[in-house]
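A structural walkthrough
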Amino acid sequence: MKTKSLRGILRLLALAGLAVSSLALAQQAPERGIVHVGGDLYRAQNNAHFTVFLVTSEGIIVSDPINRDFAEWLKGELESRYDVPVRILLYSHHHWDHASGGEVFDDTAELVGHETMPAALALRSPDTPLSGAAADLDANGNGRIEQAEANGNLAGQFALIDADGDGALTGAEIARGPLSDVHPPSTVYSGSRTVTLGGKSVELIHIASDHSPDMSVLRFPDEDAVFFVDIISVKRLPFQTFPGLEVDGLIETIQSVEALDFSVAVGGHGDIGTKQDVTDHRRYIEELRDAVAAGMADGQSLEELQASITMDAYSDWASFNWLADNIAGMYRMLGGGNN
Ligand SMILES: [Zn+2]
């Protein structure tokens, strides 16, 4: 009996070790690949994040670098497939999870972003205090968060937040966010700009969005395609609780993409699809809004809304398990709860 239970414990430990090592393996080996979208346009993947690139006779135009490790991988892939370098990099917006690692292409490429991108990347005033949540972590009370004091995102993104690399996070660094590996654009544009290379062109179009002030959509006229990031996803639910958004603005943002001339829709998340998928994404948000508003008018609580709203027509979309979060976010956007 004793032997058997010891053996059982050893087996559990072995299984636990296997689980840990396969998790570590998954973290070490991100899912990467390149697919052909159409014409000279390709989409490249890093786990749930995607970017695009356009190949021309005089060089390659790439969009978001995503992160340094991915950018180095992509650069190697491009060097092995094509005999022209990356000449232009077009940022969709400044957020760390799409825009990090652009320095990898800085040796050969012009980096282009919206005119509000440099301000979004700017260091904050050095006397910015620690926010309430961060101040609670400051066990030694020195006004900075050392690695040993950090938890959650502050711990996971420590190096990306630590802009001066001194091993401690100030209020200014935390307020700026994990942007230390986002290389600033060498050129900015306002409104819209068409870049041309090797007889091909890409249109950068600024889109008003509460997700980020510097949001750009890329349009590829020859491929009849657009590339958008974070504001719409194809056949995937909107991200969780609609952080930072309000519903009318969100719908207007999507409508301004629908107003562009294209038939192929390429997302920075989710699938590759068509203009109809962009419309479907807006329709999902409008139907969710109407269902949540109707339930709220009937006096339903958030929990009752989450139990009664099923959005069955969209159950084959990716991340459908975000529905309860989507309902909570819509409830907030419609003024429910403490808001
Ligand atoms: Zn973003």
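Worth saying up front: this structure is predicted, and the values here are computed from it rather than measured.

Of all 11 residues making up helix H12 (residues 323–333), 8 are buried, and the element is well covered by its neighbours. Considered for burial, the residues of H12 that qualify are Leu323, Asn326, Ile327, Ala328, Gly329, Met330, Tyr331 and Met333. Looking at the buried residues of H12, the elements they touch are helix H9 (247–258), helix H10 (275–297) and helix H11 (302–308). With its phi angle positive at about 90°, Gly335 sits one or two positions after the end of H12.

Looking at the zinc ion, the protein donor atoms are His93 (NE2), His95 (ND1), His211 (NE2) and Asp230 (OD), and they sit 2.1 to 2.2 Å from it. Considering all 4 donor atoms around the zinc ion, the spread of angles at the metal, 89 to 175°, places the coordination shape in the irregular class. Going along the chain, you hit the donors of the zinc ion in the pattern H-x1-H-x115-H-x18-D. Residue His95 is found in the loop between strand E5 (86–90) and helix H3 (96–99), and its partner His211 is found in the loop between strand E11 (200–206) and strand E12 (216–220); the two are separated by 116 residues along the sequence. Overall, His211 belongs to the partly exposed group, its relative accessible area being 24%.

The mixed open sheet is built from 6 strands, whose spatial order is E10-E11-E12-E13-E14-E15. In the strand order of this sheet, the two ends are held by strand E10 (192–197) and strand E15 (272–274), each with one partner. Neighbour-to-neighbour, the strand axes of this sheet turn through a mean angle of 25°, independent of strand direction. Sheet analysis places strand E14 (residues 264–267) next to E15, joined by 3 bridges and oriented antiparallel.

Analysis parameters
Residues numbered from 1 in each chain as written. Predicted model: local features only at pLDDT ≥ 70, side-chain atom pairs only at ≥ 80, totals over all residues. Heavy atoms only, no water. Buried < 20%, exposed > 50% of the residue type's maximum accessible area, 1.4 Å probe, protein only. Helix = DSSP H or I, 4+ residues; strand = E, 2+ residues; numbered from the N terminus. Contact = heavy atoms within 4.5 Å. Donors = N, O, S within 2.8 Å, 3.2 Å for Na, K, Ca; no water. Tetrahedral: all angles 85-135°; square planar, octahedral: opposite > 155°, others 65-115°. Pairing = 2+ DSSP bridges. Axes fitted to C-alpha atoms, helices over the stretch in contact; angles between N-to-C directions.

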